[in-house]
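# Descriptive analysis of the structure
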Amino acid sequence: MESLHRLLDIMSALRDPEKGCPWDREQDFSTIAPYTIEEAYEVADAIQRDNRNDLCSELGDLLFQVVYHARMAEEEGSFDFRDVVVRLNEKLVLRHPHVFTQDKEVAFTGEKHSWERHKQKERKTRAGEDNPPRLLDGVSLNLPALHRAQKLQTRAASVGFDWGSTGPVLDKLEEELQEVKELLAAPSDSQRQHEELGDLLFACVNLARHLGIDAEAALRSTNHKFEHRFHFIEQRLRENGEKPESASLEVMDRLWEAAKKDNQGL
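Below or above, wherever it landed, is the structure these notes cover. (Residues numbered from 1 in each chain as written. Predicted model: local features only at pLDDT ≥ 70, side-chain atom pairs only at ≥ 80, totals over all residues. Heavy atoms only, no water.)

### With respect to the overall build of the protein
The helix and strand tally for the protein stands at twelve helices and zero strands. What you see in the protein, going N to C, is helices and strands ordered as α-α-α-α-α-α-α-α-α-α-α-α. The buried share of the protein, reckoned over its 266 residues, is 23%. Restricting the contact set of the protein to residue pairs at least 6 apart, pairs at least 24 apart contribute 50%. For the protein, the accessible surface area stands at approximately 18,800 Å², while carbon and sulfur atoms represent 54% of it. (Helix = DSSP H or I, 4+ residues; strand = E, 2+ residues; numbered from the N terminus. Buried < 20%, exposed > 50% of the residue type's maximum accessible area, 1.4 Å probe, protein only. Contact = heavy atoms within 4.5 Å. Areas by Shrake-Rupley, 256 points an atom, 1.4 Å probe, with all protein chains shown as cover.)

Spelled out as structure tokens, the structure:
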């Protein structure tokens, strides 16, 4: 707690109108938001790299973002850091009745589903009876597209708008792929290509959801794998006195296959 109070004092000093940091003083919620998103990604990156030292550091950076936003809110009289913590505590207890309640009739039927049910109740309460929330409201527009698609699909599935097995999902995926192929065979229409490719990606996300796979994490892993294999190609070309821009596709394809064997754990 002493360290946390120290952090709050540092944040207050940085935002001091007279003695604070000029850069920190001029920031607002909208200018800080991109850094908040970036820090969350850096936490995920440290986890992906399995580096606990970096994870500790990045979690601190992410906590600083929470403190930063809370401090700006306190300055305008909206809420403060304590309010953030109090609301979080209340929310966690409310969404986990199977842990915190003494009522034996409350059965644990799956934490993820229980969490979502309580979130739906909270959205209804905030909206009021005269303005019932739409099911897909509240799925942040700032989420990465794959992650947002998966959350939208999960919300829709919670009311039965979903296929019961992967068979129809695969059929839909093949249908969307065929539409892309037909479009490529026809005169170019960039807007339709844009739309159909989006439909194909959305269908891929749906398959990932049905398989219990996080589509965003799956693509992140593939990006990581691609980087390592391409670095392998660059290294081998460099050893032979060549560069990627001067190497033939045939040579790079052969090195790609070698990279797949060399990086089998990736």
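### Focus: the packing of helix α1 (residues 2-14) against helix α4 (residues 52-76)
Their axes nearest at 10 Å, the elements α1 and α4 cross at an angle of 55 degrees. Put simply, α1 runs oblique to α4. Note that α1 runs across α4; the crossing there is right-handed. Judged by residue contacts, L7, L8, M11, S12 and L14 of α1 engage L63, F64, V67, Y68 and R71 from α4. Among the residues making up the contact of α1 with α4, the classes are represented as eight nonpolar, one polar and one charged. (Axes fitted to C-alpha atoms, helices over the stretch in contact; angles between N-to-C directions. Parallel < 35°, antiparallel > 145°, perpendicular 65-115°, else oblique. Left-handed = near helix turned anticlockwise from the far one by under 90°. Nonpolar A, V, L, I, M, F, W, Y, C, P; charged D, E, K, R; others polar.)

### Brief notes about the pattern of salt bridges
Overall, the coordinates contain 13 salt bridges when judged by the stated rule. Put simply, E74 and R71 hold a salt bridge, and the shortest N to O gap is 3.6 Å. In this pair, E74 and R71 are both assigned in helix α4, three residues apart and thus about one turn of the helix distant. The partner of R192 in a salt bridge is E196, and the shortest N-O contact between them spans 3.6 Å. One end of the pair, R192, and the other, E196, are both in helix α10 (residues 190-210), four residues apart, so they sit about a helical turn from each other. A relative accessible area of 40% places R192 in the partly exposed class. Here the salt bridges share partners, and the residues they tie into one network are R15, R71, E74 and E75. (Salt bridge = Lys/Arg side-chain N within 4 Å of Asp/Glu carboxyl O.)

### A word on helix α3 (residues 29-48)
Helix length check: α3, at 20 residues, gives a terminal C-alpha distance of 29 Å against a target of 28 Å (1.5 Å per residue), a fit within 8%. Those residues of α3 that fall on the buried side of the exposure criterion are I32, E39, V43 and A46. On an axial view of α3, the arc spanned by its buried residues comes to 65 degrees, and they lie on one face. In this fold, the buried residues of α3 make contact with α2 (22-25) and α4. (Expected span 1.5 Å × (residues − 1). Arc of directions from axis to C-beta.)

### Structural notes on a nonpolar patch on the surface
Together, L63, V66, F79, V84 and V85 give the surface a local cluster of nonpolar side chains, amounting to about 330 Å² of exposed area. The set of elements that each furnish at least two residues to the nonpolar patch consists of α4 and α5 (81-94). By the element assignment, F79 lies in the loop between α4 and α5. With a relative accessible area of 36%, F79 lands in the partly exposed category. (Patch = residues over 30% accessible without salt bridge, like charges linked within 9 Å, V, L, I, M, F, W, Y side chains within 5 Å.)

### Overview of unusual backbone geometry
Located in the positive-phi region is D50, a residue other than glycine, with phi close to 55 degrees. Take D50: it is sitting in the loop between α3 and α4. Among the residues examined, D50 registers a relative accessible area of 55% and is labelled exposed.

Taken by themselves, the reported measurements are silent on function.
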